[in-house]
Amino acid sequence: DQQVKQNSPSLSVQEGRISILNCDYTNSMFDYFLWYKKYPAEGPTFLISISSIKDKNEDGRFTVFLNKSAKHLSLHIVPSQPGDSAVYFCAASGSSFNAGGTSYGKLTFGQGTILTVHP
Amino acid sequence: DAGVTQSPTHLIKTRGQHVTLRCSPISGHKSVSWYQQVLGQGPQFIFQYYEKEERGRGNFPDRFSARQFPNYSSELNVNALLLGDSALYLCASSLNVGWEFKPQHFGDGTRLSIL
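Here is what the cut-offs are and how they apply
Residues numbered from 1 in each chain as written. Chains lettered and ligands numbered in written order. Predicted model: local features only at pLDDT ≥ 70, side-chain atom pairs only at ≥ 80, totals over all residues. Heavy atoms only, no water. Phe/Tyr/Trp six-rings, centres within 6.5 Å; stacked < 30°, edge-to-face > 60°. Helix = DSSP H or I, 4+ residues; strand = E, 2+ residues; numbered from the N terminus. Buried < 20%, exposed > 50% of the residue type's maximum accessible area, 1.4 Å probe, protein only. Contact = heavy atoms within 4.5 Å. Buried area = accessible area lost by both parts, 1.4 Å probe. Salt bridge = Lys/Arg side-chain N within 4 Å of Asp/Glu carboxyl O. Polar contact = N/O pair within 3.5 Å; in protein donor to acceptor, adjacent residues only side chain to side chain. Pairing = 2+ DSSP bridges. Axes fitted to C-alpha atoms, helices over the stretch in contact; angles between N-to-C directions. Core = buried A, V, L, I, M, F, W, Y, C linked by side-chain atoms within 4.5 Å.

Asker: Summarise the packing of aromatic side chains; cite the residues concerned and give the values.
Answerer: Within a pair of aromatic rings, the relevant descriptors are the distance that separates the centres and the angle that separates the planes. This model, assessed by the stated rule, comprises twelve aromatic pairs over all chains. Measuring from ring centre to ring centre gives 5.8 Å for A:Phe109 and B:Tyr35, while their planes differ by 85 degrees; the resulting arrangement is edge-to-face. Taken together, the residues A:Phe109 in strand 12 (residues 108-109) and B:Tyr35 in strand 4 (residues 31-37) connect one chain to another. With relative accessibility at 5%, the residue A:Phe109 sits in the buried group. A network of ring pairs unites the aromatic residues A:Tyr36, A:Phe46, A:Phe89, A:Phe109, B:Tyr35, B:Phe45 and B:Phe106 as a single cluster.

Written out as structure tokens, the structure reads:
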């Protein structure tokens with residue numbers, strides 16, 4: 001049961017143009033969403049996040065949009081740079097509870113999208 | 001400031017053996033989580049620990065266990081290794097344990113190969 005899906009395995013963009021990466025989720029209990037970037041031989045690096053009480057969050061060249069009714073989020077990178085070439089993962093978190101009733105916050109990831117930015 | 005550090009970076013084991021992976025969180029972070037990433041997929045949640053207590057566990061067999069020490073570092077143990085355990089094991093730390101809108105920060109992982 002894939003609760004977070006990134007339906008595009010890859011995306012190719014020209015330098016200077018906009019990159020749009022998409023992510024869909026099915027669990028309506030998710031209320032915190034994150035994007036991570038991953039280079040080969042490195043761990044995922046946190047990029048930007050958004051809580052369910054917002055529909056947009058910006059940080060420099062990166063903007064995340066959340067459409068709760070469609071259960072869809074997207075990451076916009078403007079302008080795209082060759083150094084942005086990496087695998088991008090979206091992740092979602094909600095209030096999970098263990099057998100003792102204590103909450104914890106696991107991340108559920110999509111499969112990733114390989115972004116290639118051409119000079 | 002040092003990020004999340006994991007050791008070793010690479011490990012080769014044979015089926016049936018046991019392995020211990022180690023993680024040191026970012027200074028000040030009390031929560032440590034472990035994830036498994038197999039090729040072509042996103043990371044999958046294994047455990048979350050906070051203040052030395054297991055807070056959450058993903059859908060992994062009992063061969064997987066972990067613990068957290070008083071200095072908040074953590075170990076992931078896997079017994080009776082199977083070929084399917086070959087993966088990148090990622091450790092992440094965060095300031096808190098719940099879902100209060102704080103990101104988890106990842107180390108570079110341990111690449112485990114089972115022969």
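Asker: Please set out the interface of chain A and chain B residue by residue, giving values where relevant.
Answerer: Across the contact, 25 residues belong to chain A and 25 residues belong to chain B. Interface area, chain A with chain B, both sides summed: about 1900 Å², of which 62% is carbon and sulfur. Per-residue buried area on chain A facing chain B is highest for A:Tyr32, A:Tyr104 and A:Phe109; these three make up 24% of the total on that side. Inspection of the region where chain A meets chain B yields zero salt bridges. Inspection of the region where chain A meets chain B yields three residue pairs in polar contact (both at pLDDT 80 or more). Taken together, the elements giving at least two residues each to the side of chain A that touches chain B come down to strand 4 (30-38), strand 5 (45-51), strand 9 (86-94) and strand 11 (103-104) of chain A.

Asker: Break down the sheet that holds strand 7 (residues 64-68) of chain B for me, citing the residues and quoting the values.
Answerer: All names here are of chain B. Read across the open sheet, the four strands follow the order 1-3-8-7; overall the sheet is antiparallel. The open sheet has two edge strands with one neighbour each: strand 1 (5-7) and strand 7. Averaged over all adjacent pairs, the angle separating strand axes in this sheet is 15 degrees, with direction ignored. The pairing of strand 1 with strand 3 (residues 19-24) spans three bridges and is classified as antiparallel. Following the sheet pairing, Ser-7 is matched in strand 3 by Arg-22.

Asker: Give a detailed account of the nonpolar core, specifying residues and quantitative values.
Answerer: Membership of the largest hydrophobic core comes to 23 residues, with the highest contact counts inside it found for A:Phe33, A:Trp35, A:Leu73, A:Leu75 and A:Tyr88. Of all elements in the fold, only strand 3 (19-25), strand 4, strand 5, strand 7 (62-67), strand 8 (72-77), strand 9 and strand 13 (113-118) of chain A reach the threshold of two or more residues within this core. At four residues, strand 9 of chain A tops the list of elements feeding residues into this core. Discounting residues that sit within four places of it in the chain, A:Phe33 has contacts with A:Tyr25, A:Ile48, A:Ser49, A:Ile50, A:Leu66, A:Leu73, A:Ala91 and A:Ala92. Of all hydrophobic cores here, the second largest spans 20 residues; its members include B:Ile46, B:Leu76, B:Cys91 and B:Leu112.

Asker: With reference to specific residues and values, describe the pairing of strand 11 (residues 110-114) of chain B.
Answerer: Residues and elements named next belong to chain B. In strand 11, alternate side chains face the same way, and those of Thr-110, Leu-112 and Ile-114 are buried while those of Arg-111 and Ser-113 on the opposite face are not. Alignment of strand 2 (residues 10-13) against strand 11, held across four bridges, turns out to be parallel. The residue of strand 11 that forms the bridge with Ile-12 is Ser-113. As paired elements, strand 9 (residues 87-94) and strand 11 share three bridges and run antiparallel to each other. Counted as the bridge partner of Ala-87 is Leu-112 from strand 11.

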